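Now for the letters of each chain:
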Amino acid sequence: MKIIANGGASTKNVANNTLDAIYLGLNVPYIDGFKFKLYLTKDKEIITLSDDIVKLFTNGVNEIDDFTLKDFLYFNVGSSVQKQQIVTLRQILYIFQNSGKYLILELANQKENNALFTDLVLNMVRSYTNNINIYLESENIEIVEYLKSTDNSYPIGIRVTENSRDNWYIDVDFYDINTTLLDNFNIRDKIKENKLIMIDEVNRMEVFDLIYAEYQDIFNYIYIITSQIANINDNEQIQNRR
C-alpha cells in the first residue's frame, strides 16, 4: 500500500495545493507521495489548482487558459488564516528533487492546447529527474495517447471517473479510479495484468476501512489517494507504518 496526498497535507488552516500543504506533507512519514492536477495558463505557465479554485475562476464560462500566471498570483489560494499564492509545476519539481517521493501529475484537459500542454509538461519534468518517482496521467484520452506515443520514461495512467467509465478499457500502465466505481470494475484482473491501481477520493476513514476489508489480499499493490489525509491517519494500517 502507498498513501498519496492529493494536493499535499491539508488541515483546518492549510489549504490543499499550497506550499504549506506540500511542506507539511513532506514531514509526514506515512505519506509516500503526492498528486497534483496541472493546468496551462494563457502565458503558457503550468500551475496546480484545486477543483474549488478552478470553479471560482471558470464559473462555467471561462477556461483556465483565459488567465495569466500573474492573474493567479494575485489570488489567495490558501485559507483565511494563512494566505498562499498559486503553486507552479516548476516549484513542485524543485521541492521534490531528491525526496524519493512518488509524484503523480494529472494533466487537465486544455481543449485546444493538449499537445502543446503535454510537451511543456514533459520538457519541464525531464529537467527535474533527481530521485523523483514521476507518474503521468490524464482523464483525457487524447492526452493519454499522446503521452504513450511520445515518452516511455514514465508510467502513463488514465483517470477513471463517473464521467469517463470507458477509460477503464484503455491500455495504460496504471488506473486512477474513483472509490464510487469500485463495484463496477474488477481491479483484481488489472493487477493480474501487472497494472497498478490507484484508488482516488478516499477521504474518510470508514471508506479506507471498507477498501482494506475488500482488497486485503492485494492491498500491497494499491495506491490510496486522499485529499483529506487528516481524516484517515487514525487507521490501524496507517499507524503501523509510522
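Source: prediction; values computed, not measured. (Residues numbered from 1 in each chain as written. Predicted model: local features only at pLDDT ≥ 70, side-chain atom pairs only at ≥ 80, totals over all residues. Heavy atoms only, no water.)

Here we take up the side chain of Lys35. With respect to the helices and strands, Lys35 occurs in strand S2 (residues 33-40). A relative accessible area of 2% places Lys35 in the buried class. (Helix = DSSP H or I, 4+ residues; strand = E, 2+ residues; numbered from the N terminus. Buried < 20%, exposed > 50% of the residue type's maximum accessible area, 1.4 Å probe, protein only.)

With that settled, consider the packing of helix H4 (residues 89-96) against helix H5 (residues 114-126). Here H4 crosses H5 at 25°, and the two axes come no closer than 10 Å. Comparing the axis directions of H4 and H5 gives the class roughly parallel. The handedness of the crossing between H4 and H5 is right-handed. Contacts between H4 and H5 pair Leu89, Arg90 and Leu93 from the former with Val121, Met124 and Val125 from the latter. Split into classes, the residues belonging to the contact of H4 with H5 amount to five nonpolar, no polar and one charged. (Axes fitted to C-alpha atoms, helices over the stretch in contact; angles between N-to-C directions. Parallel < 35°, antiparallel > 145°, perpendicular 65-115°, else oblique. Left-handed = near helix turned anticlockwise from the far one by under 90°. Contact = heavy atoms within 4.5 Å. Nonpolar A, V, L, I, M, F, W, Y, C, P; charged D, E, K, R; others polar.)

Among the nonpolar cores identified, the biggest contains 62 residues, and Leu103 and Ile224 are the most heavily contacted of them. Aside from chain neighbours lying at most four places away, what touches Leu103 is Phe34, Phe36, Ile92, Leu93, Phe96, Ile132, Asn133, Ile134 and Tyr135. (Core = buried A, V, L, I, M, F, W, Y, C linked by side-chain atoms within 4.5 Å.)

Let us now look at the pairing of strand S9 (residues 196-200). Of all five residues in S9, five are buried; the element is thus mostly enclosed. Side chains Leu196, Met198 and Asp200 of S9 all project onto a buried face; the interleaved residues Ile197 and Ile199 project onto the opposite face, where all are buried too. With five bridges connecting them, strand S8 (residues 174-178) and S9 associate as parallel partners. Paired with Asp176 across the two strands is Met198, which belongs to S9. As defined by bridge partners, S9 adjoins strand S10 (residues 222-226) across three bridges and the pair is classed as parallel. Paired with Ile199 across the strands is Ile224, a residue of S10. Regarding topology, helix H8 (residues 205-214) serves as the crossover connection from S9 to the parallel S10, and that connection is right-handed. (Pairing = 2+ DSSP bridges. Right-handed = clockwise from strand over helix to strand, strands pointing away.)

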